[in-house]
Amino acid sequence: MNKFLQITGNTAFWLSWPVLYFYLRDSERTRVVIHCGDQVLVLKDWLGDGSWKLPGGGIGRGEDFAKSAAREVQEETGFFINTKQLRLLGPVDSRSHGFRCRLHCFVVTLAQPLAPTVSRREIVSVQWLPLADLLQKVRITNSTRIILERWHHGEF
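Residues numbered from 1 in each chain as written. Predicted model: local features only at pLDDT ≥ 70, side-chain atom pairs only at ≥ 80, totals over all residues. Heavy atoms only, no water.

**Description of the overall build of the protein chain**
Within the protein chain, the regular secondary structure consists of five helices and five strands. The buried share among the 156 residues of the protein chain stands at 44%. (Helix = DSSP H or I, 4+ residues; strand = E, 2+ residues; numbered from the N terminus. Buried < 20%, exposed > 50% of the residue type's maximum accessible area, 1.4 Å probe, protein only.)

**A few points about the pairing of strand 4 (residues 99–109)**
Most of strand 4 is tucked away, with eight of its eleven residues classed as buried. Where strand 1 (residues 27–36) and strand 4 come together, nine bridges link them in parallel fashion. Within strand 4, the residue paired with Ile 34 across the bridge is Val 108. (Pairing = 2+ DSSP bridges.)

**Describing helix 3 (residues 65–77)**
With 13 residues, helix 3 extends 18 Å between its outermost C-alpha atoms, agreeing within 8% with the 18 Å of an ideal straight helix rising 1.5 Å per residue. Within the span of helix 3, buried status applies to Ala 66, Ser 68, Ala 69, Ala 70, Glu 72, Val 73, Glu 76 and Thr 77. Contact partners of the buried residues in helix 3: strand 1, strand 2 (39–45), strand 4 and strand 5 (123–130). You can read the cap of helix 3 off the contacts: a side-chain oxygen lies 3.0 Å from the backbone nitrogen of Ala 66, and it is on Asp 64. Following helix 3 by one or two positions, Gly 78 adopts a phi angle in the positive range, close to 85°. (Expected span 1.5 Å × (residues − 1). Contact = heavy atoms within 4.5 Å. Polar contact = N/O pair within 3.5 Å; in protein donor to acceptor, adjacent residues only side chain to side chain.)

**Digging into the packing of aromatic side chains**
Scanning the entire structure with this criterion turns up zero aromatic pairs. Directly above the aromatic system of Phe 156 lies the positively charged group of Arg 150, at a separation of 4.4 Å from the ring centroid. (Phe/Tyr/Trp six-rings, centres within 6.5 Å; stacked < 30°, edge-to-face > 60°. Lys NZ or Arg CZ within 6 Å of the ring centre and 35° of its normal.)

**Details of the pattern of salt bridges**
Pairing between side chains of opposite charge can happen when the charged atoms of each approach one another. Per the stated rule, a full pass over the model turns up seven salt bridges. For the salt bridge of Arg 71 with Glu 75, the shortest nitrogen-to-oxygen distance reads 3.2 Å. Taken together, the residues span about one helical turn, with Arg 71 and Glu 75 both in helix 3 at a distance of four residues. (Salt bridge = Lys/Arg side-chain N within 4 Å of Asp/Glu carboxyl O.)

What follows is the structure, given as structure tokens:
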């Protein structure tokens, strides 16, 4: 079932790309690095190109960036993150598949890895993966690579 959703989502992504382009271009979104030790939580959307990415998403009209980030984390992973746990990293301007957006990035450090609850409405898979694998071996989105590299090297 998982593979079917990925193939369906990948096809739907490319077929709906023109509509998504007008909806998502020049938008502001959030991304959250959730880590425990050397493990980072990443996920795959069912509507996407099959790459792993950081949790996060759209910002509601008038919504605070941190509240948006915490809401998206809860929707996508089932984790309740208090906005006080979020540490602002900063903005990253991203361009992928013709979309330009500004990502407001946060980090959360957990004492132990929590078991995520997959929201099948949006998400195909959620996993804890080693940072080194994400940066060298695993297919991740370009924005995820930029955020993780800047965070890892203390460049925020």
